[in-house]
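These are the residues of each chain, in order.
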Amino acid sequence: PGKSRCDILRNWLQFAGSGHDESWHGDEEKLFMNHLSSKTSKALLKKKIIGEDEDGMLMNRRFRHSTSEGILGVRYSLKTLSDFGFHNIALTRVSGDNFPGFAYMMSFNATTMWETWWRSEDLYSRNHPMLGAVAEWASSSVAGVSLAPTTTGGKDLLFWPRIPTNADVVVYASATQGTKRGDAAIAWRFEGVKLKSARTVKVRIRILAPPGSNALFRLPIYGCAYNATATVSYARTLPGLDTAKLNAASTCSSRRKSKNGFSYNWEYNSETEKWHKSLNKKAIGTPCASFLFDKSLADTNWSDSKLVTFKPEVPFKRSFDGDESDKLVELTPGLYDIVIEQWKLQKEIPDQPGYGEYEGSLGSYCSDQSTSTWNIEDATHLI
């Protein structure tokens, strides 16, 4: 069973991470192509956003830079990539501007999710949570906060940020998870380096565990953790978080008013009957910093730091014997500051051949195939 499972995972990785292009010819996309100016068409062809065949131009679907799964697959595909050490592929797929994807929706002025990937003027809903599972992945994987899988009443929390292996897409993230005992929150960021040229970075993580909760912090693992060290400190006295929240909200509101988000959209001129690209900055997509990094928390009285050891050689030990003590840190309610030194940044594998011919390691989850057996976690990841 272990070998079969890992073969499935490898096949999925080769598909999801491939730089392969495939044409996608939908009715609305065909109409869109027919109403582009010659100059715009040439520019899109050059960037490989669209393709061309004997019947006319087609939208390009580049697997590595598009999210083409449906209502069920979009949730499990992203989670599988992030949990098994290929978080960078999940990030590039979600952030890619190729069709189909979320950026494609936003390029047609979407402020809510559509019912399908296809653009429709009269058939499909443009305010529909059909593909909304990406939001759960963003908070639980990109930021790293979620309710523990087996919790009841939201008492048990899991903080597990999947820190990227490079700084190409995301360099910080944050999220808040509501519970009946109060908000749980996490924020992380790369610090102190020129990210585009750095080989190693410092990662700072802030965690807020609400009163009455049981929380576990799971170390971000993968090959980047080799030779890395992590230290954990806690706030001896809880600082004024309400002030931090108000400050962060005010700063974010100002940034949104300045429209620092998505940068363009397609507009149709009914007189010329042509689509054109309009460079209009928008409020939606404006990046904002978490209240956990607000300047008002600078004077927080932190405890002495405790060293936590990385053991990347056994990152998925639970799959074998149920013991996760090697990588989980129990957190009592409070505010925590976690610093990872020497987090190694890796160059991204090029689009071609990319992961389409990837034969490298799938991590320790597949290292001992003789003892690996199917369980409910496998079903979740591989569904």
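Everything numeric in this text was worked out from a predicted model, so none of it was measured. (Residues numbered from 1 in each chain as written. Predicted model: local features only at pLDDT ≥ 70, side-chain atom pairs only at ≥ 80, totals over all residues. Heavy atoms only, no water.)

A.B. asks: An account of the side chain of Thr92 is needed here, citing residue identities and associated values.
C.D. replies: Of note, Thr92 is situated in helix H5 (residues 87–95). There is a polar contact of 3.4 Å between the side chain of Thr92 and the backbone oxygen of Arg64. Sequence-distant contacts of Thr92, defined by excluding residues within four places in its chain, comprise Arg64, His65, Val169 and Glu348. (Helix = DSSP H or I, 4+ residues; strand = E, 2+ residues; numbered from the N terminus. Polar contact = N/O pair within 3.5 Å; in protein donor to acceptor, adjacent residues only side chain to side chain. Contact = heavy atoms within 4.5 Å.)

A.B. asks: Before we move on, could you go through the nonpolar core and cite the residues and values that matter?
C.D. replies: Of all hydrophobic cores here, the largest spans 78 residues; its most connected members are Phe159, Phe190, Ile205, Ile207, Phe217 and Trp343. Ranked by size, the runner-up nonpolar core spans 12 residues in total, among them Ala235, Ala248, Leu297 and Leu335. (Core = buried A, V, L, I, M, F, W, Y, C linked by side-chain atoms within 4.5 Å. Buried < 20%, exposed > 50% of the residue type's maximum accessible area, 1.4 Å probe, protein only.)

A.B. asks: Could you give an account of helix H2 (residues 27–34), with specific residues and numbers?
C.D. replies: Taken residue by residue, H2 has Glu28, Glu29, Phe32 and Met33 as its buried positions. One side of H2 carries all its buried residues, which in axial view fall inside an arc of 140°. Each element contacted by the buried residues of H2 is listed here: strand S2 (50–53), strand S3 (56–62), helix H6 (102–106), strand S11 (265–269) and strand S12 (274–278). (Arc of directions from axis to C-beta.)

A.B. asks: Quick rundown of helix H3 (residues 38–46)? Include the residues and the values.
C.D. replies: Regarding H3, the residues found buried are Thr40, Ser41 and Leu44. Along the axis of H3, the buried residues cluster in a sector spanning 100°; they form a single face. Turned more than 90 degrees off the buried face of H3, the exposed positions are Ser38, Lys39, Lys42 and Lys46. Residues of H3 that are buried sit in contact with S2, S3 and S11.

A.B. asks: Describe the sheet that holds strand S6 (residues 172–179), with residues and values.
C.D. replies: In space, the 6 strands of this open sheet follow the order S6-S7-S8-S15-S10-S13, with antiparallel pairing throughout. Since the sheet does not close on itself, it has two edges, and those belong to S6 and strand S13 (306–308), each with one partner. Within the sheet, the average angular offset between the axes of one strand and its neighbour, ignoring direction, is 15°. Pairing analysis gives 9 bridges linking strand S8 (residues 200–209) to strand S15 (residues 334–344), with the strands arranged antiparallel. For Val201, the partnering residue across the bridge sits in S15 and is Trp343. Strands S6 and strand S7 (182–191) of the sheet are contacted by helix H7 (residues 133–143), whose axis makes an angle of about 120° with S6. (Pairing = 2+ DSSP bridges. Axes fitted to C-alpha atoms, helices over the stretch in contact; angles between N-to-C directions.)

A.B. asks: Got a sec to walk through the sheet that holds strand S14 (residues 328–331)? Specific residues and values, please.
C.D. replies: Read from one edge to the other, the open sheet built from 4 strands follows the order S4-S5-S9-S14, with strand pairing classed as mixed. Each edge of the open sheet carries a strand with a single partner, namely strand S4 (145–147) and S14. Sheet twist, expressed as the average angle between the axes of neighbouring strands with direction ignored, equals 25°. As judged from the 4 bridges shared by strand S5 (residues 156–159) and strand S9 (residues 214–218), these two strands associate in the parallel manner. Across the sheet, residue Leu157 finds its bridge partner in S9, namely Ala215.

A.B. asks: Account for the pattern of salt bridges, with residues named and values stated.
C.D. replies: Under the criterion given, the structure shown has 13 salt bridges. Residue Arg62 is joined to Asp21 by a salt bridge in which the shortest nitrogen-to-oxygen separation is 2.9 Å. Pair noted here: Arg62 is in strand S3 and Asp21 is in strand S1 (residues 21–24), with a separation of 41 residues, a long-range link. Here the salt bridges do not stand alone but share partners, grouping Asp21, Arg62, Arg64, Glu348 and Asp351 into one network. (Salt bridge = Lys/Arg side-chain N within 4 Å of Asp/Glu carboxyl O.)

A.B. asks: Run through the packing of aromatic side chains, naming residues and quoting values.
C.D. replies: Evaluated as defined, the whole model comprises 16 aromatic pairs. One residue, Arg189, lies across the ring of Phe293, its end atom 3.9 Å from the ring centre. Above the plane of the ring of Tyr264 lies Lys277, whose end atom (NZ or CZ) is 4.2 Å from the centre. (Phe/Tyr/Trp six-rings, centres within 6.5 Å; stacked < 30°, edge-to-face > 60°. Lys NZ or Arg CZ within 6 Å of the ring centre and 35° of its normal.)

A.B. asks: Requested: an account of the state of the cysteines, with residues and values cited.
C.D. replies: Counted according to the given criterion, the structure contains 1 disulfide. The side chain of Cys252 participates in a disulfide bridge whose partner is Cys288; the two sulfur atoms lie 2.0 Å from each other. One disulfide, between Cys252 and Cys288, carries an S-S torsion of 80° and so falls in the right-handed class. Separated by 36 residues along the polypeptide, Cys252 in helix H8 (residues 241–257) and Cys288 in the loop between S12 and S13 bring together distant segments of the chain. (Disulfide = S-S within 2.5 Å.)

A.B. asks: Explain unusual backbone geometry to me, using residue names and the numbers behind them.
C.D. replies: A positive phi angle, close to 70°, is found at Asn109, a residue other than glycine. Along the chain, Asn109 turns up in the loop between H6 and H7. Non-glycine residue Gln342 carries a positive phi angle of around 60°. Following the sequence through the fold, Gln342 ends up in strand S15. The class for Gln342 is partly exposed, based on a relative accessible area of 43%.

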